[in-house]
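Chain by chain, the residues:
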Amino acid sequence: MASSLSSPPLKSPTPELLTQLKARSEKILFEIISTNWKSKFCQTAEELNVFRHVVKTLHDDEQEFLRNFRKLVPLTVYDTYEPFVARFFDEHCQESDVIDLFAPGFPAFLAVSSGTSGKAPKYFAKYRGLTYRAPDTQSQTVCAYRLMYRVLNIFRGDRDIVRNINVSSVSGGWLRMEKGWDVKQDEDRMSSKVPTETAPYALAMVLHSPSYLLLHALFALADRSVETLRVMFCTTLLDIIMYMDRDWFILVDAIDKGTIPELENIEHRHLHADPVRAAELRAIGPPSNTAGWAKYVWPNLKVALSIASGSFSSAVPKVKHLLGPDVILETPVFGSSECLIGVTYHSGDLNRFRVVLDEGVVEYLDVASEEVADKLCAAWEAEPGRHYEPVLTTCNGLWRYRSGDIVELLGFAPDDGSPVVRFVGRRNVEMRLDTALVTEAELVESICSATQDTIGQVMELTCFKDIRKFPHTIGFFVELAQEPGEPVILTSLCQTSPIPNPTAGMLSTIGTTSRHLARQRLIDALSRTHQRIKSEIDCGALGMPTIRVVKFGTFTEYRKWRGGLDEAATIGSCQVKVPVVMSDTIAQEWIMQRVELEI
């Protein structure tokens, strides 16, 4: 949970705090490795060959276990685990092949990653739920989550199915474990509604992304008593609000009459005719008309919980504009399909997290050091102000697994010494130029600062190297937010075609001066990040960065498109991330086909 302290993280923690941190970390680490070292993975993986032979005679000698772990276990990556995970997907997966595979017993579910890089999704066995729980509240909540899944059968012999293991998003899997929602009872729950949530249970099963977003918009607008917005990503929260804007009059009419189209078998019983609420909404008007609009629609609204760091931070200005100053926007957790790493440090933090030990122990690899296990440091050895890659050893069977994230250590919590970090970017997600490496955080900051008062607010973006002419350069692809006062485009609620473009008129008004100013400011912003960029542009070694505006709704459609590919369909398009740096050439072509204007 968020820290109740008002004090900032300590740059120089007391010896007592570091002793507490070391004791907690070593206790959890010993529990993990002493439990999982007998797993099939540990007993057969080549990477752990030396370690397992040394520790097999140690029994319960904690310090020797830890000493040999630090000395003998190398860094690992997903390729190390993939051949073992693949056993679950064998046509007749045998019980004997997957029991005790990464940890004792069978996993509760397999978490599928959202495939940020555009490569094939990764799968991670999850053997138990989290001890961390989001603050329990009885307040009325717009709670947007997905519970789609795929079932894998585990056989004993040729015919006997002895177990089913679900494949789902990590958030959906955790939620099922926390609530006790067995998939076998899903059909019985379809007609039910969680009392504190605006939408019925069945909405979590909707596959079609526009239907999912529109229905959440409808049920959210219908409920005046909402106090909390809980949506996984800030960009998805903005998508829902943009759907409200696009179909405002149709949604309000539906609330007035208590009827909705037959979308994905959502029953009419969950929406009751409410002419009074409809009249109130008509008086308020759609989101594009009013700063702080959300507080007018939901007078009791207090907080929006949504991941707003990293690549999702581009949506923050627009979301904050719509929420207004009296509603807190907060990033509740920092983690991935591999492991929960941290929880928000203070209420209202967007990118400051207290590292927790719920799923595993974090070691820290300085990004400036050689990428080997010998360069790892423990939490109590890390230095505030430095950038590190978190390396994870988890209760679910990962051993010194490279997360690929970059965090800055801000200091240590004054109450218990826990590390406090902020997310900086992805280790290998950067624009690699001949003259510099530009991180995703630097790219986001540069383009947003260059466009805010020139061509408009950037709602979402991606970029990749522009090689259309020599010299090559950085190519930005941006989607502009609908500006306050722009006309609302009305469409049918059940429309499945791409979102119409409410910014089309605005694009035609972007003059030559504004375009030139935007590109010049972009060069200035990038030059502040890397001193050589401007000189390389001036001497012709680097081209002038390009900015291309894509059609409104492009990135919503991207999530739908990417979410429908391969196993990503299991996690739902709303949990697909738009990479800041796009490396997948097929996705690059997809984006380029939707360019509407080059600045």
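Residues numbered from 1 in each chain as written. Predicted model: local features only at pLDDT ≥ 70, side-chain atom pairs only at ≥ 80, totals over all residues. Heavy atoms only, no water.

> Please explain the overall build of the protein chain as it appears in this structure.
For the protein chain, the helix and strand inventory stands at 20 helices and 23 strands. Taken across its 599 residues, the protein chain has 57% of its residues classed as buried. Sequence-distant contacts, at least 24 apart, represent 67% of the contacts inside the protein chain between residues at least 6 apart. Accessible surface computed for the protein chain: about 24600 Å², of which carbon and sulfur atoms make up 51%. (Helix = DSSP H or I, 4+ residues; strand = E, 2+ residues; numbered from the N terminus. Buried < 20%, exposed > 50% of the residue type's maximum accessible area, 1.4 Å probe, protein only. Contact = heavy atoms within 4.5 Å. Areas by Shrake-Rupley, 256 points an atom, 1.4 Å probe, with all protein chains shown as cover.)

> Would you take a moment to explain the sheet that holds strand E2 (residues 123–126) for this structure?
Pairing in this open sheet of four strands is mixed, and the strands run E2-E1-E5-E4 from one edge to the other. Looking at the sheet topology across the chains shown, the edges are occupied by E2 and strand E4 (150–156). Within this sheet the neighbouring strands show an average axis-to-axis angle of 30°, counted without direction. Relative to E2, strand E1 (residues 109–112) is paired through four bridges, and the arrangement is antiparallel. Across the sheet, Leu 110 pairs through a bridge with Ala 125, a residue of E2. Where helix H7 (residues 170–179) meets the sheet, it contacts E1, E2 and strand E5 (160–168), and its direction lies at approximately 150° from that of E1. (Pairing = 2+ DSSP bridges. Axes fitted to C-alpha atoms, helices over the stretch in contact; angles between N-to-C directions.)

> How should I be thinking about helix H15 (residues 440–451) in this particular structure?
In an α-helix, one turn spans 3.6 residues, which is why side chains three or four residues apart end up on the same side. Given a rise of 1.5 Å per residue, twelve residues ought to cover 16 Å, and the 17 Å separating the end C-alpha atoms of H15 matches this to within 8%. Within the span of H15, buried status applies to Glu 440, Leu 443, Val 444, Ser 446, Ile 447, Ala 450 and Thr 451. For H15, the buried positions fall inside an angular range of 165° around the axis, keeping them on one side. (Expected span 1.5 Å × (residues − 1). Arc of directions from axis to C-beta.)

> Would you explain the packing of aromatic side chains in this entry?
Given two aromatic rings, their pairing is described by the distance between the two centres and the angle made by the two planes. The tally for this structure, following the rule as stated, stands at 25 aromatic pairs. Aromatic pair Tyr 558 and Trp 561: ring centres 5.8 Å apart, planes at 55°, arrangement tilted. Separated by three residues within a single helix, Tyr 558 and Trp 561 lie in helix H19 (residues 554–563), roughly one turn from each other. A residue is classified by how much of its surface remains accessible, and Trp 561, at 23% relative accessible area, is partly exposed. By way of ring pairs, the aromatic residues Phe 41, Tyr 78, Tyr 81, Phe 84, Phe 102, Phe 124 and Tyr 401 are connected into one cluster. The ring of Trp 590 carries Arg 594 above its face, with NZ or CZ at 3.5 Å from the centroid. (Phe/Tyr/Trp six-rings, centres within 6.5 Å; stacked < 30°, edge-to-face > 60°. Lys NZ or Arg CZ within 6 Å of the ring centre and 35° of its normal.)

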